[in-house]
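Listed below are the residues making up each chain.
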Amino acid sequence: MSVQAGPRRRLEPDARRAQILSVAVRLFGERGYADVSTTDVARGAGVARGLVNHYFGTKKDLYLEVIRVMLTVPEVAITGLPEGDLPRRVDAIVDWFLDVVSRHSRSWLAAITAGGMAGDTDVDRVIAEAIDDAADAVLHAVGHPAPGPAPHAMARSYVGLAVSTAREWLQRGVLTRVQVHRLLAATLLTMVEQVFPDA
């Protein structure tokens, strides 16, 4: 499958890097790791292939960055949460998560399932780091920014639940967004109010 060449125009380095990454996110989400080349990414971004290598290194390095971006909760998602009571904050973080995974569903699903690279040590490491970071973000969002090992392990388990329920919605079509939201919000509230205090 050929990739439509993107327009060539001069951009600042950070903007060019972001553009290349955006194209890579889309292509790896559409086709998976084996069926995308750095030439495809370069063509889609309207740049020379050497520029892709300059910013990201190898194809695998680029793919690892795609996974990292798709699975990491950005700081702005946490700092942008509304002030107020816990249910309102939980509602907002769950909404944010569902918005992101639905807007980038193919790329997110490819990233969370390792897009044909499952079992690769580097891919597994990046996914594990993203899950740890997501657990930290969840704890921070609900007012437990420096927990002990037990709450952190519980938060990682919650991230696993979020991933599984999102897949039931987006990939299998068994759950609706409303059902996923209700399950994730109720579970997180219960964890914070009834489980974390005893951990």
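Residues numbered from 1 in each chain as written. Predicted model: local features only at pLDDT ≥ 70, side-chain atom pairs only at ≥ 80, totals over all residues. Heavy atoms only, no water.

Caption draft 1: View of the packing of helix H8 (residues 121-141) against helix H9 (residues 149-170). Interaxial distance between H8 and H9 falls to 8 Å at its minimum, and their mutual angle equals 110°. In terms of their interaxial angle, H8 and H9 are classed as roughly perpendicular. Counting all contacts with H8, which are made through Ile131, Asp132, Ala134, Ala135, Asp136, Val138 and Leu139, the residues of H9 involved are Pro151, His152, Ala155, Arg156, Tyr158 and Val159. When grouped by side-chain class, the residues that make up the contact of H8 with H9 number nine nonpolar, one polar and three charged. (Axes fitted to C-alpha atoms, helices over the stretch in contact; angles between N-to-C directions. Helix = DSSP H or I, 4+ residues; strand = E, 2+ residues; numbered from the N terminus. Parallel < 35°, antiparallel > 145°, perpendicular 65-115°, else oblique. Contact = heavy atoms within 4.5 Å. Nonpolar A, V, L, I, M, F, W, Y, C, P; charged D, E, K, R; others polar.)

Caption draft 2: Quick peek at the UniProt feature "domain: HTH tetR-type" (unreviewed entry) in the protein chain. As recorded in UniProt, the sites labelled "domain: HTH tetR-type" (unreviewed entry) are residues 14-74. Taken end to end, residues 14-74 has its terminal C-alpha atoms 17 Å apart, with 77% of it in helix and 0% in strand. (UniProt positions renumbered as here; feature names shortened; annotations may be inferred.)

Caption draft 3: Local environment of helix H6 (residues 86-103). Taking 1.5 Å per residue, 18 residues should reach 26 Å; H6 reaches 26 Å between its end C-alpha atoms and fits that length. Among the residues of H6, those classed as buried are Leu86, Arg89, Val90, Ile93, Val94, Phe97, Leu98, Val100 and Val101. Taken down its axis, H6 places every buried residue within 165° of arc, on the same side. The inward-facing, buried residues of H6 contact helix H5 (75-79), helix H7 (105-112), H8, H9 and helix H10 (177-195). Between the side-chain oxygen of the N-cap and the backbone nitrogen of arginine 88 there are 3.2 Å, and the N-cap of H6 in question is aspartate 85. (Expected span 1.5 Å × (residues − 1). Buried < 20%, exposed > 50% of the residue type's maximum accessible area, 1.4 Å probe, protein only. Arc of directions from axis to C-beta. Polar contact = N/O pair within 3.5 Å; in protein donor to acceptor, adjacent residues only side chain to side chain.)

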